[in-house]
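# Close look at the chain arrangement
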Amino acid sequence: AVRLGEMKPGMSGRVLRLDGDGALRVRLLEMGLTPGTRVQVCRAAPLGDPLALRLRGYSLSLRREDAMRVEMEAT
C-alpha cells in the first residue's frame, strides 16, 4: 500500500481506506475518495502542492497533506 500523497504524476490506483476522522475525512468522502474508487495522479504543482487528480470522471485538486490520509493500492 502507498499513500496518495506519495504517488507521482502518471501513477494510478484504487482507494483502500482513509485515515483519521472528523471533518476532513467526511470532506474527502464527499469529494468521491471512497474505498474502491480508481484515482489517477495527473500532475503536481511546481512546488509539489497541490496534486491534480482524476477520479469518477472529474478533476480534483488536493493538498498533499490531505492526500497523505488516503491509503492506495497502486495499479
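Being a predicted model, the structure only gives us computed values, none of them experimental.

### Observations concerning unusual backbone geometry
- The backbone phi angle of R56 is positive, close to 50°, even though this residue is not glycine.
- Along the polypeptide, R56 turns up in the loop between β4 (51-55) and β5 (58-62).
- The exposure class of R56 is exposed, given its relative accessible area of 53%.

### Quick word on the environment of P50
- Inspection of the secondary structure assignment puts P50 in the loop between β3 (38-44) and β4.
- Classification of P50 as partly exposed rests on a relative accessible area of 34%.
- Each C-alpha atom of the pair P50 and R25 lies 18 Å from the other, and the pair is 25 residues apart in sequence.
- Apart from the residues lying within four places of it in its own chain, the contact partners of P50 are R43, A44, A45, S61, L62 and R63.

### A closer look at the nonpolar core
- The biggest cluster of nonpolar side chains holds 19 residues, and the ones touching the most others in it are L4, L33 and L53.
- Among the elements of the structure, β2 (12-18), α1 (23-30), β3, β4, β5 and β6 (70-74) are those that each provide at least two residues to this core.
- Counting residues per element, this core draws most heavily on β4, at 3 residues.
- Not counting chain neighbours up to four residues away, the residues in contact with L33 comprise L4, V15, L18, L28, V39, L55, L60, L62 and V70.

### Here we look at the pattern of salt bridges
- Enumeration over the complete set of coordinates arrives at 5 salt bridges.
- Between D19 and R17 there is a salt bridge, with its nearest N and O atoms 2.7 Å apart.
- Residue R27 pairs with D66 through a salt bridge whose shortest N-O separation is 3.2 Å. Taken together, the residues R27 in helix α1 and D66 in helix α2 (residues 64-67) connect sequence positions 39 residues apart.
- A cluster of three or more residues bridged by salt bridges with shared partners is formed by R3, R17, D19 and E71.

### Brief notes about the sheet that holds β3
- Pairing is antiparallel in the open sheet, where 6 strands are placed in the order β1-β6-β2-β3-β4-β5. Looking at strand neighbours, the two that pair on one side only are β1 (2-3) and β5, the edges of this open sheet.
- Alignment of β1 against β6, held across 2 bridges, turns out to be antiparallel. Along β6, the bridge assignment pairs R3 with E71.

About the thresholds
- Starting afresh in each chain, residues are numbered from 1 along the sequence in its written order.
- Under the rules for a predicted model, residues below a pLDDT of 70 receive no local features and side-chain atom pairs below 80 are neither given nor counted, while totals for whole chains, interfaces and linings still include all residues.
- By convention in this description, side-chain values take in all heavy atoms of the structure and omit both hydrogens and water.
- In this description a helix means any DSSP run of H or I spanning at least four residues, a strand means any run of E spanning at least two, and both kinds are numbered starting from the N terminus.
- Classification of residues uses two cut-offs on accessible area relative to the type maximum, computed with a 1.4 Å probe and protein chains only: under 20% is buried, over 50% is exposed, and between them is partly exposed.
- Residue contacts are counted whenever heavy atoms from the two residues lie within 4.5 Å of one another.
- Throughout, nonpolar core names a set of buried Ala, Val, Leu, Ile, Met, Phe, Trp, Tyr and Cys residues whose side chains join them through atoms within 4.5 Å.
- When a carboxyl oxygen of Asp or Glu lies within 4 Å of a side-chain nitrogen of Lys or Arg, that pair is called a salt bridge.
- DSSP bridges decide pairing: two strands pair if at least two such bridges lie between them.

Any functional reading would require information beyond the geometric quantities listed.
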